[in-house]
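As a plain string of letters, each chain reads:
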Amino acid sequence: MENQKSRTYEIMEVCLLAGKIMLQSGGETYRVEDTMMRIAAAFGIKNTHSYVTPTGIFFSAEGEEPSKTKLIRIMTRSTDLKKVALVNSISRKITSGDVSLKEAYSLLKELEELNVTFPFMVQVAAASIASGCFMLMFMGEWIDFIPSMITGGLGYFGFLYFHRFIPIKFFSEFLASFIIGLLSVIFVSTGIGQQLDKIIIGSVMTLVPGLLLTNAVRDLMAGHLVSGLSKGAEALLTAFAIGSGIAVVLSFL
């Protein structure tokens, strides 16, 4: 009986660890819940319940002994879809019986500690190129391509740099958009750039929470009202930070 209880807790630990990694990496609420229940079922616990919000995961398992419930708190969230894909891969191996309970926990623990994000300057370079391309997509002129690249790259550099010292995303996003607005005005006023609105729009697109908005709508459509509304509120707060930073600069023109 004691061994059975111990195994149940170990299974719950694996499920919660998988859910934590996915939720912290930008996974959808329904995907996190489904993955946790599939892992538990693969290890022999058929009757499970999970309740996921952006800031916490509740997971309970029912068997021959009284039901057990565990809670895990989610403190940080980012966008790292590669980790979500790796957790899905481990989950499939568990379901097919290729991975034991201890091996699954070890693999997930290694994945949690693994840093699979791109290097700092690679992210900045990608944001720079994306900014120029977004500017063209919004019917901008080729003459503004280089100013948009510089503005977007430096703005995203500021976002990553400030976020290291200010863990509150609102302030780092506000400061990044302020840099974007200031550089855009400088480029246009000196004659290097032509269309102020197109340069700003293209540059701020790298800060727009596209995945967060998508997940918010997806969760609302799936009936996860708490997660959907909270993610939507977070996306609106980000949009407010971006708009405020640009507005502060334009207010001095």
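Please refer to the structure higher up on the page.
Cut-off values and rules
Residues numbered from 1 in each chain as written. Predicted model: local features only at pLDDT ≥ 70, side-chain atom pairs only at ≥ 80, totals over all residues. Heavy atoms only, no water. Salt bridge = Lys/Arg side-chain N within 4 Å of Asp/Glu carboxyl O. Helix = DSSP H or I, 4+ residues; strand = E, 2+ residues; numbered from the N terminus. Pairing = 2+ DSSP bridges. Axes fitted to C-alpha atoms, helices over the stretch in contact; angles between N-to-C directions. Contact = heavy atoms within 4.5 Å.

Here we take up the pattern of salt bridges. Applying the stated rule across the entire model yields nine salt bridges. A salt bridge links Glu234 to Arg77; the nearest nitrogen and oxygen atoms lie 3.3 Å apart. Of this pair, Glu234 sits in helix 10 (residues 225-250) while Arg77 sits in the loop between strand 3 (68-73) and helix 3 (81-95); the two residues are 157 residues apart in sequence, bridging distant segments of the chain. Between Asp197 and Lys198 there is a salt bridge whose closest N-O contact spans 3.4 Å. Several salt bridges converge on common partners, so that one network encompasses Lys20, Lys109 and Glu112.

Moving on, we come to the sheet that holds strand 2 (residues 56-62). Taken in spatial order, the three strands make up an open sheet running 1-2-3, and their pairing is antiparallel. The open sheet has two free edges, formed respectively by strand 1 (47-53) and strand 3, since each of these has just one partner strand. The average angle at which neighbouring strand axes cross in this sheet is 10 degrees, direction not considered. Inspection of the sheet shows strand 2 paired to strand 3 by six bridges, in the antiparallel sense. Residue pairing for strand 3: Phe59 is matched across the bridge by Lys70. Here helix 2 (residues 29-42) sits on the sheet and contacts strand 1 and strand 2; the angle it forms with strand 1, its principal contact strand, is near 155 degrees.

The quantities given are spatial measurements derived from coordinates; they are silent on function.
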